[in-house]
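Listed below are the residues making up each chain.
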Amino acid sequence: MTVFAVRISDDGVAEIDGEPLVPQPDQSVHDAVLDRLQQYAQERAAAVEATVTDGPGAAHFVLEVSPDGSSRLVDRQPAPAPTSAPAPTPPPASAVATAIARARAAATAPPPVPPRPLPPRLAQPVARINALVTEGRLEEASAEATALRETLTRSAGTEHPDALEARAMEAYLAHLLGDHREATVLALSVARILCGAGDPQAPAAVARATAAWQRLEDDRAIEIHGNELLHMWGRLHEAGRLTAADERLAHGVRRRLEEQITYA
């Protein structure tokens, strides 16, 4: 895994591997760092790590950032630089605490709220599922998401927007539970339907499916699902619907498949 060194000075100046990083207007330095690390992950189609140091003598921690932007703290600490005096403990509101809080939130947060208001039949069960996720009761949350998806599919049909949102939530929970094969299959089914319908949310759905696929380890599953991803990315490219970030994700899928053939 590629590892980057991130340093943030007391006056809020950041650099990654010695290269200065300038935040966009109205963007915090921490958001700029995480966005840049996500970009690096997308370019490699794999998670990257960063050893983060926030100010002289501040605590060090290791952050893993995935191509989909999710991040988590890695349970190890890089050795601090030798010093003659103990390093001071950073205050709770320090930049270190801010970055850690965002990493924890990104790693455990429920799926983003859809752009349209939730209909009444979804609001209560989704709130219940989100509460279970917040409490760390992922198995229960997953079971409720599956039950919700099955109910909506029976009543409204597989391609109904409500049923698709429930399936997307089910895929996200499979990801949180570490079942990346199931997460990929579910996310691909959502992306397939949205691509077929020409839905504006199709690129985002394919990006989520790609993020799940990137965690697969079985060669056969990587090949089968990767080829389907390439097909969907290709259709969206021909329709002129991909951003630069989407193009990087598509390139990452192609490169991983080519490397798999090379080393097979």
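Quick summary incoming for the structure in this document. Positions within a chain are numbered from 1, following the residues in the order the chain's sequence is written. Residues qualify for local features only when their pLDDT is at least 70, as the model is predicted, and side-chain atom pairs are given and counted only at 80 or more; totals for whole chains, interfaces and linings, by contrast, use all residues. Hydrogens and water are ignored here; the side-chain numbers use all heavy atoms of the structure.

## A look at unusual backbone geometry
Trans is the prevailing form of peptide bonds, just as negative phi is the prevailing case for residues other than glycine.
No. 1: Backbone geometry at Asp 17 places phi at a positive 50 degrees, although glycine is not the residue there.
No. 2: Counting from the N terminus, the helices are the DSSP runs of H or I reaching at least four residues and the strands are the DSSP runs of E reaching at least two. Within the secondary structure, Asp 17 is located in the loop between strand E2 (14-16) and strand E3 (19-21).
No. 3: Classification of Asp 17 by relative accessible area gives partly exposed; the value is 46%. Burial classes follow relative accessibility: with a 1.4 Å probe on protein chains only, a residue under 20% of its type's maximum area counts as buried, one over 50% as exposed, and anything between as partly exposed.

## Observations regarding the packing of helix H3 (residues 120-134) against helix H5 (residues 161-176)
No. 1: It is at 12 Å that the axes of H3 and H5 come closest, and there the two elements cross at 5 degrees. On the basis of the axis angle, H3 is roughly parallel to H5. Contact residues: Arg 121, Leu 122, Val 126, Ile 129, Asn 130 and Val 133 in H3; Asp 162, Glu 165, Met 169, Leu 173 and Leu 176 in H5. Only the stretch in contact is used when fitting a helix axis, every axis being a line fitted to C-alpha atoms; angles between N-to-C directions are given from 0 to 180 degrees. For this classification, under 35 degrees means roughly parallel, over 145 means roughly antiparallel, 65 to 115 means roughly perpendicular, and everything else is oblique. Working rule for contacts: check all heavy atoms of both residues, and any pair within 4.5 Å makes them a contact.

## Details of the side chain of Thr 184
No. 1: In this fold, Thr 184 is placed in helix H6 (residues 180-197).
No. 2: Discounting chain neighbours no more than four positions away, the residues touching Thr 184 are Ala 212, Trp 213, Leu 216 and His 225.

## Quick word on the environment of Ala 46
No. 1: Tracing the chain through its elements places Ala 46 in the loop between helix H1 (29-44) and strand E4 (48-54).
No. 2: Ignoring anything within four residues of it in the chain, the contact list for Ala 46 reads Ala 41 and Pro 67.

## Regarding the nonpolar core
No. 1: Working definition of a nonpolar core: buried Ala, Val, Leu, Ile, Met, Phe, Trp, Tyr and Cys residues. They are joined through side-chain atoms within 4.5 Å. Core analysis: the biggest nonpolar cluster contains 28 residues, and Val 206, Trp 213, Leu 229, Met 232, Trp 233 and Leu 236 have the highest contact counts within it.
No. 2: Only H5, H6, helix H7 (202-213), helix H8 (219-238) and helix H9 (244-263) provide two or more residues apiece to this core.
No. 3: Not counting residues within four places of it along the chain, the set of residues in contact with Val 206 comprises Ala 191, Cys 195, Leu 229, Met 232, Trp 233 and Leu 236.
No. 4: Counting 19 residues, the second-largest nonpolar core is a separate cluster that includes Ala 14, Ile 16, Leu 21 and Ala 41.

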